[in-house]
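Below, each chain spelled out in residue letters.
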Amino acid sequence: MRTRFVIVSIALVWFAVAPAPAQSRVAWVRQSDIIFAGTVTRAGVIRVDQVFEKPDAVSLMKGDSVAVLAARAGSLNPGMQATFYTTGWIYGRWITVREVGHEAIGPQLATVAGTGTAQQDLVARARQQVNDADLKARIQAAAMVVVGRVEQIRPPAYTGAPARPKRFTEHDPNWQEAIIHVDEGLKGATAGERVVVRFPGSRDVAFVGTPRFAAGQEGTFLLRKDTATGSPLALMAGQTVQAYTALHRLDVLSKQDAQHVRTLMRGP
């Protein structure tokens with residue numbers, strides 16, 4: 001049977017015998033990118049029972065053994081079961097992560113059918129709270145929130161303030177402009193408008209995760225006034241208009257996400 005070890009460095013340990021308060025769980029989830037349920041098989045070793053969250057690049061699955069460097073000797077006793085909230089630290093031959101907390105699963109709960117699903121639901125709900133809070137903050141900071149369609153992609157048409165001096169480097173963003181037709185304005189826009197949105201066309205690692213646009217693309221877009229290119233104004237149909245950007249992963253959502261955005265905008 002294949003056995004792999006993942007090194008875990010514990011920065012904070014929670015010795016709960018019952019599910020953690022939702023507030024603590026949300027705080028742990030916000031800091032974590034690897035979350036799993038496991039059983040301590042011997043001092044310093046945890047068997048992974050279920051993986052709840054992990055980056056795609058990290059190989060971790062049920063049955064793997066996790067080596068634990070505990071902050072306090074003897075804190076993890078054989079037979080103990082818990083959900084471990086961790087963040088990646090070093091990726092190499094050994095994966096090293098830091099634990100931000102763990103939520104113990106009492107022996108009486110561990111034997112109940114469906115406990116794994118219940119724990120996964122708790123993690124999923126906490127992650128949704130984190131995502132909603134982040135999205136709401138992006139909505140509040142946006143100058144414009146629209147549902148629309150990309151009509152065309154073009155080279156940037158700078159006007160007004162001069163563009164920043166052109167310096168060609170391996171990280172050059174290669175700015176492009178997407179012309180978006182607004183079907184519905186949720187904030188700062190009205191239906192029928194056309195908006196210029198600048199985005200990096202570069203595939204350089206510096207822009208991994210930055211949204212890109214394509215002609216015909218439909219979506220819900222959270223836009224900020226352009227402060228990235230050095231030229232905040234653009235030309236459209238012979239008119240000088242404000243240029244916008246959508247540089248965060250949460251700034252470009254699906255068209256179906258518009259309803260969720262509306263709900264967050266109405267919420268407290």
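Scroll up to find the structure.
Right, let's walk through the structure included here.

Parameters and conventions
Residues numbered from 1 in each chain as written. Predicted model: local features only at pLDDT ≥ 70, side-chain atom pairs only at ≥ 80, totals over all residues. Heavy atoms only, no water. Helix = DSSP H or I, 4+ residues; strand = E, 2+ residues; numbered from the N terminus. Buried < 20%, exposed > 50% of the residue type's maximum accessible area, 1.4 Å probe, protein only. Contact = heavy atoms within 4.5 Å. Areas by Shrake-Rupley, 256 points an atom, 1.4 Å probe, with all protein chains shown as cover. Arc of directions from axis to C-beta. Polar contact = N/O pair within 3.5 Å; in protein donor to acceptor, adjacent residues only side chain to side chain. Phe/Tyr/Trp six-rings, centres within 6.5 Å; stacked < 30°, edge-to-face > 60°. Salt bridge = Lys/Arg side-chain N within 4 Å of Asp/Glu carboxyl O.

1. Thoughts on the overall build of the protein chain
Logical step 1: A tally of helices and strands in the protein chain yields 4 helices and 14 strands.
Logical step 2: Here the protein chain, with 268 residues, has 43% of them falling under the buried criterion.
Logical step 3: Partitioning the contacts of the protein chain with sequence separation of at least 6, the portion at a separation of at least 24 is 68%.
Logical step 4: A total of about 13900 Å² of accessible surface is found on the protein chain, and carbon and sulfur atoms cover 55% of it.

2. Overview of helix 1 (residues 22-31)
Logical step 1: When we look at burial in helix 1, the residues that qualify are Arg25, Val26, Trp28 and Val29. Each buried residue of helix 1 lies within a common arc of 165 degrees when the element is viewed along its axis, so the set occupies one face.

3. Quick word on the side chain of threonine 39
Logical step 1: Mapped onto the elements of the fold, threonine 39 is located in strand 2 (residues 34-42).
Logical step 2: Note on threonine 39: relative accessible area 8%, which makes it buried.
Logical step 3: In terms of polar contacts, threonine 39 uses its side chain to reach the side chain of aspartate 49, at 2.5 Å.
Logical step 4: Contact partners of threonine 39, with chain neighbours within four places excluded, come to Val45, Ile46, Arg47, Asp49, Gly79, Met80 and Gln81.

4. Section: the packing of aromatic side chains
Logical step 1: Scanning the entire structure with this criterion turns up 4 aromatic pairs.
Logical step 2: Look at tryptophan 28 and tyrosine 85: their rings are 5.3 Å apart centre to centre, the planes differ by 45 degrees, and that puts the pair in the tilted class. Placement of tryptophan 28 in helix 1 and of tyrosine 85 in strand 5 (residues 81-91) is noted, with a sequence separation of 57 residues between them.
Logical step 3: Judged by its relative accessible area of 5%, tryptophan 28 is buried.
Logical step 4: Taking the relative accessible area as the measure of exposure, tyrosine 85 reaches 0% and is therefore buried.
Logical step 5: For the pair phenylalanine 213 and phenylalanine 221, a centre-to-centre distance of 5.7 Å together with 45 degrees between the ring planes defines the contact as tilted.

5. As for the side chain of histidine 181
Logical step 1: In this structure, histidine 181 sits in strand 9 (residues 175-187).
Logical step 2: In this structure the side chain of histidine 181 is engaged in a polar contact, spanning 3.1 Å, whose partner is the side chain of aspartate 183.
Logical step 3: Aside from chain neighbours lying at most four places away, what touches histidine 181 is Val147, Gly148, Arg149, Glu151, Gly192, Glu193 and Arg194.

6. Quick notes on the pattern of salt bridges
Logical step 1: The tally for this structure, following the rule as stated, stands at 11 salt bridges.
Logical step 2: The salt bridge partner of aspartate 134 is arginine 30, with a shortest N-O separation of 2.9 Å. With aspartate 134 in helix 3 (residues 115-141) and arginine 30 in helix 1, this pair connects stretches of sequence that are 104 residues apart.
Logical step 3: Between arginine 47 and aspartate 49 there is a salt bridge whose closest N-O contact spans 3.1 Å.
Logical step 4: A residue is classified by how much of its surface remains accessible, and arginine 47, at 35% relative accessible area, is partly exposed.
Logical step 5: Assessed through its relative accessible area of 22%, aspartate 49 is described here as partly exposed.
Logical step 6: A cluster of three or more residues bridged by salt bridges with shared partners is formed by Arg154, Glu177, Arg198 and Asp226.

7. Points about the environment of leucine 122
Logical step 1: Checked against the element boundaries, leucine 122 lands in helix 3.
Logical step 2: Along the sequence, leucine 122 and alanine 22 sit 100 residues apart, while their C-alpha atoms lie 8.4 Å from each other.

8. What to know about unusual backbone geometry
Logical step 1: In this model, asparagine 174 sits at a positive phi of 55 degrees, which is unusual for a non-glycine residue.
Logical step 2: Relative to the elements of secondary structure, asparagine 174 occurs in the loop between strand 8 (158-159) and strand 9.
Logical step 3: Classification of asparagine 174 by relative accessible area gives partly exposed; the value is 39%.
Logical step 4: Unlike most non-glycine residues, alanine 237 shows phi in positive territory, near 55 degrees.
Logical step 5: Structurally, alanine 237 is set in the loop between strand 12 (233-236) and strand 13 (239-245).

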